[in-house]
Amino acid sequence: MAPQGLLPSRMALRGMLLGLLMVSCFTFCRSHQNSKEFALTNPEKSTTKETERKTKAKEELDTEVLEVFHPTHEWQALQPGQAVPAGSHVRLNLQTGAREVKLQYGDKIQNNLKESKKGKRLDINTNAYTSQDLKSALAKLKKGAEMESSEEDKARQAEVKQLFRPIEELKKDFAELNVVIETDMQIMVRLINKFNSSSSSLEEKIAALFDLEYHVHQMDNAQDLLSFGGLQVVINALNSTEPLVKEYAAFVLGAAFSRKNGSRHVTDPASGPGDSAIAEAGPGPSADHNPKVQVEAIEGGALQKLLVILATKQPLATKKKVLFALCSLLRHFPYAQQQFLKLGGLQVLRSLVQEKGTEVLAVRVVTLLYDLITEKMFAEEEAELTRETSPEKLQQYRQVHLLPGLREQGWCAITASLLALPEHDAREKVLQTLGTLLATCQDHYRQDAQLSRTLASLQAEYQALAALELQDGEEEGYFQELLGSINSLLQGLR
């Protein structure tokens, strides 16, 4: 049996242990109850907030288009708002606190960079279109534009078709109206038949010749006129007793022999009806000639008939057209020039220019002579340059003894007298002809006192006009050229 003195001490010890146990239980319960409130982190709330933050950042990035950063193999600072291409190496510089970027996979990154140009903006949305999608969209856009353009073209073509009628419908309508679309050949045949018909009036014959002249300007048409015998019909018309028939027949022949720049003659206001500016001096050096038609005309007797009309009394308008046809026939045709001299053509032209009131014809005749002289000179120079001593055409030109004939027929004095004409253009042509005749007529010109006085007077006149041109800033004016021609003549006569 335990002693009585130990009982109180044991009871005190148990009480202390029980008190400590109760305090421990109370503390444990309180700490467990408030653990969520006083914890450093809340897993559930942290996860929720992180999800919300990422979602918000993603939404912001979805709507934001950032500038593309182009990294290199060296570390570079990344600015706020810049997007880094996939595959780049990114680090945080602990010293500066800035993010830095450089290339990690060189070839792969370079290929990615080639697909985007500097200065472009990159949509970093993971749901954005790929480059292939963009190419496909652009292809569809281009195709749509082409379809719209094609539709516009079709609409425009439809509008144009509404303005014009198909040729088949026109032919059908013409057939119903008994109107036939004719070729040039058919038109010329019809006009020749109309002219050659005994039932046609004088007005109808003249109208037929006038229309025919329009068509024969084309070389092929002129040869077609020859092929069906129409050329000889026109040549025979030169024998008509009607001056108008002779006039327009010569007009057709002149057009058939040559054409000026492939176009129809321009009407000269100072000439009569149907007269042409080209007839003023005949076809110039730039005119195209039709040798085949010229040969057939010579064989058909056109040259004799033209000279007869010029040698007889005829209206001035008729002689203008006949002289035009003669110029067209002689140019670039040495055989015709030989026949012209044999038939006394220089005598006919001399009588023509000496008639009163034929000053216009005189200038045309002088221009024709100048063209024939220079034409032969050019042929000889060309043969000398090409070293051809006996070409057929050169041999024909050498048989044309034009200069001796001009001297014998008194053309030295006739040409010099034409310097008295008041028109500058006429003087220019006369001065040109005098220059070509200088070697042949030099003795005559030196003895001609009137020519010397005329040249001195013209020299003073054109010196004043040339001075005015120089004052106006024209260094190579028209009057200076005329003055140069006069000075050359005066120098050659000394």
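As a starting point, this report considers the structure included with it. Counting restarts for each chain: residues are numbered from 1 in the order of the written sequence. Local features in a predicted model are, by the rule used here, given only for residues with pLDDT of at least 70; side-chain atom pairs are given and counted only at 80 or more, and totals for whole chains, interfaces and linings are based on all residues. Hydrogens and water are ignored here; the side-chain numbers use all heavy atoms of the structure.

## With respect to the overall build of the protein
In this description a helix means any DSSP run of H or I spanning at least four residues, a strand means any run of E spanning at least two, and both kinds are numbered starting from the N terminus. Each helix and strand in the protein was counted, giving 23 helices and eight strands. When accessible area is computed with a 1.4 Å probe and restricted to protein chains, residues below 20% of their type maximum are described as buried, those above 50% as exposed, and intermediate ones as partly exposed. Scored against the burial criterion, the 494 residues of the protein give a buried share of 36%. The contact rule is simple, with two residues in contact once any of their heavy atoms fall within 4.5 Å. In the protein, once contacts between residues fewer than 6 apart in sequence are set aside, the share between residues at least 24 apart is 66%. Residue burial considers only the protein chains on display, and all accessible areas are found by Shrake-Rupley using a 1.4 Å probe. Carbon together with sulfur atoms contributes 55% to the accessible area of the protein, which is approximately 31100 Å² in total.

## Concerning the nonpolar core
Leu212, Leu326, Leu349, Trp411, Tyr445 and Leu455 are the most contacted members of the largest nonpolar core, which has 93 residues in total. At 10 residues, helix α11 (residues 243-257) tops the list of elements feeding residues into this core. For Trp411, the contacting residues outside a window of four places in its chain are Leu346, Leu349, Arg350, Val353, Val365, Leu369 and Leu406. By nonpolar core is meant a set of buried Ala, Val, Leu, Ile, Met, Phe, Trp, Tyr and Cys residues that side-chain atoms within 4.5 Å join together.

## A short note on the pairing of strand β5 (residues 99-103)
Direction of pairing for strand β2 (residues 76-77) relative to β5: antiparallel, over a ladder of two bridges. What sits directly across from Gln76, in β5, is Val101. Note on pairing: DSSP must find at least two bridges between two strands before they are called paired. Sheet topology note: the strand β4 (residues 88-92)/β5 ladder contains five bridges and is antiparallel. Paired with Arg91 across the two strands is Glu100, which belongs to β5. From the end of β4 to the start of β5, which pair antiparallel, there are six residues, and Gly97 there has a positive phi angle of about 80 degrees.

## Some remarks on the state of the cysteines
We call a pair of cysteine sulfur atoms a disulfide when they lie within 2.5 Å. In total, this model carries one disulfide according to the counting rule given. Between the sulfur atoms of Cys412 and its disulfide partner Cys441 the distance amounts to 1.8 Å. Looking along the S-S bond of the Cys412-Cys441 disulfide, the torsion reads about -60 degrees, which is the left-handed sense. Taken as a pair, Cys412 in helix α20 (residues 411-417) and Cys441 in helix α21 (residues 424-447) lie far apart in primary sequence, 29 residues in all.

## What to know about helix α9 (residues 219-227)
Every buried residue belonging to α9 is among Asn221, Ala222, Leu225 and Leu226, and all of these are buried. Looking straight down α9, one finds that the buried residues subtend no more than 150 degrees of arc, so they occupy a single side. Relative to its buried face, α9 has exposed residues pointing more than 90 degrees away, namely Asp220 and Ser227. Of the surrounding elements, those touching the buried residues of α9 are α7 (184-196), α8 (202-215), α10 (230-236), α11 and α12 (291-299). Following α9 by one or two positions, Gly229 has its phi on the positive side, about 90 degrees. The arc refers to the directions leading from the helix axis to the C-beta atoms.

## With respect to the environment of Phe324
The residue Phe324 is located in helix α14 (residues 316-330) in this model. For Phe324, a relative accessible area of 0% translates into the label buried. Counting along the chain gives 40 residues from Phe324 to Arg364, while the straight-line C-alpha distance between them is 8.7 Å.

## Comments concerning unusual backbone geometry
The backbone phi angle of His332 is positive, close to 60 degrees, even though this residue is not glycine. With respect to the helices and strands, the residue His332 is situated in the loop between α14 and α15 (334-342). Judged by relative accessible area, His332 falls into the partly exposed class, the value being 31%.

## Some thoughts on the environment of Leu372
By secondary structure assignment, the location of Leu372 is in helix α17 (residues 359-386). Residue classification places Leu372 among the buried residues on the basis of a relative accessible area of 4%. In sequence terms Leu372 and Pro334 are 38 residues apart; their C-alpha atoms lie 9.2 Å from each other. Not counting the four nearest positions on each side in its chain, Leu372 is found in contact with Leu330, Gln337 and Leu402.

## Here's the deal with the packing of α9 against α12
For the pair α9 and α12, the least separation of the axes is 9 Å and the interaxial angle reads 35 degrees. Between α9 and α12 lies a crossing of left-handed hand. Counted together, Ala222, Gln223 and Leu226 of α9 and Lys292, Val293 and Glu296 of α12 form the full contact between these two elements. In this classification, Asp, Glu, Lys and Arg are treated as charged, Ala, Val, Leu, Ile, Met, Phe, Trp, Tyr, Cys and Pro as nonpolar, and every other residue, Gly included, as polar. Tallied by class, residues from the contact of α9 with α12 come to three nonpolar, one polar and two charged. Helix axes use the C-alpha atoms of the stretch in contact, all axes being lines fitted to C-alpha atoms, and the angles between their N-to-C directions lie in the range 0 to 180 degrees. Crossing handedness follows the turn of the near helix against the far one: under a right angle anticlockwise gives a left-handed crossing, and clockwise gives a right-handed one.

## Remarks on the pattern of salt bridges
A side chain of one charge can pair with a side chain of the opposite charge when the charged atoms of the two come close. The salt bridge criterion pairs a side-chain nitrogen of Lys or Arg with a carboxyl oxygen of Asp or Glu, the two atoms within 4 Å. Applying the stated rule across the entire model yields seven salt bridges. The residue Arg91 makes a salt bridge to Glu100 at a minimum N-O spacing of 2.8 Å. For Arg91, a relative accessible area of 36% gives the class partly exposed. According to the relative accessible area criterion, Glu100 is buried, its value standing at 12%. Residues Glu247 and Lys321 are paired through a salt bridge, measuring 3.7 Å at the closest nitrogen-oxygen approach. Separated by 74 residues along the polypeptide, Glu247 in helix α11 and Lys321 in helix α14 bring together distant segments of the chain. Glu247 sits in the buried class, given a relative accessible area of 6%. You can call Lys321 buried: its relative accessible area is 1%.

By themselves, these are just geometric observations and shouldn't be taken as functional.
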